[in-house]
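Here is what each chain is made of, one letter per residue.
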Amino acid sequence: MQDGRSPLYSATSPMRWVMFVGGWICVGLGIVGVIMPGMPGTVFLILAAWLFSRSSPRFEKWLLSHPRLGPSVVAWREKGAVPRGAQFVATGSMMASFGILVLLGLSTPVLGLIAVIFVAVSAYLLTRPSA
């Protein structure tokens, strides 16, 4: 293609449309996360921006310039920053989820695997700069 993008992302490409729809699903989940405590909206908005960057530059620009949804995505892109509140909510949500999984009686190996993943994700989040 002349613009340097792969044909995979051309206007008629099925993958472009899959990414576009996925972007809107992530925007919806991100909005729910902004409204609902305990659900990490920022992660979905970052993913939406990535999907839009490959499917619709127009909607990527819309998301990045949105007064309520855009700042956390811009902070992530520029500095790898996550709002301090989001770091604590995400970590707390993982702790609560793990407690529920223990009460549900999951096997020890499965709980161990989930614990390792949750600790790694929490450590990564808590070491990011705050926005």
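Residues numbered from 1 in each chain as written. Predicted model: local features only at pLDDT ≥ 70, side-chain atom pairs only at ≥ 80, totals over all residues. Heavy atoms only, no water.

(A) Spatial organisation of the pattern of salt bridges. Applying the stated rule across the entire model yields 1 salt bridge. Across the pair R77 and E60 runs a salt bridge, and its minimum N-O distance is 2.8 Å. Residue R77 is found in helix α4 (residues 70-79), and its partner E60 is found in helix α3 (residues 57-65); the two are separated by 17 residues along the sequence. In this structure R77 comes out as partly exposed when scored by relative accessible area, which is 41%. Accessibility expressed as a relative area gives 16% for E60, which makes it buried. (Salt bridge = Lys/Arg side-chain N within 4 Å of Asp/Glu carboxyl O. Helix = DSSP H or I, 4+ residues; strand = E, 2+ residues; numbered from the N terminus. Buried < 20%, exposed > 50% of the residue type's maximum accessible area, 1.4 Å probe, protein only.)

(B) Spotlight on the environment of W24. Relative to the elements of secondary structure, W24 occurs in helix α1 (residues 14-35). Setting aside residues no more than four positions away along its own chain, W24 makes contact with F52, F59 and W62. (Contact = heavy atoms within 4.5 Å.)

(C) Region of the structure containing α1. With 22 residues, α1 extends 32 Å from end C-alpha to end C-alpha; this agrees with the ideal 32 Å at 1.5 Å per step. Turning to α1, its buried residues number three or more, namely R16, M19, F20, G22, G23, C26, V27, G30 and G33. Burial along α1 is one-sided: seen end-on, the buried residues are contained in an arc of 165°. Opposite the packed face of α1, turned more than 90 degrees from it, sit the exposed residues P14, V18, I25 and I35. Check the buried side of α1 and you find it contacts α2 (41-55) and α3. At the N-terminal boundary of α1, the capping side chain belongs to S13, with an oxygen 3.2 Å from the backbone nitrogen of M15. (Expected span 1.5 Å × (residues − 1). Arc of directions from axis to C-beta. Polar contact = N/O pair within 3.5 Å; in protein donor to acceptor, adjacent residues only side chain to side chain.)

(D) View of the packing of α2 against α4. Relative orientation of the contacting elements α2 and α4 amounts to 70°, with a least axis distance of 9 Å. Relative to α4, the element α2 lies roughly perpendicular. On the side of α2, the interface is formed by T42, L45, I46, A49, W50 and S53, while α4 contributes S72, V73, W76 and R77. (Axes fitted to C-alpha atoms, helices over the stretch in contact; angles between N-to-C directions. Parallel < 35°, antiparallel > 145°, perpendicular 65-115°, else oblique.)

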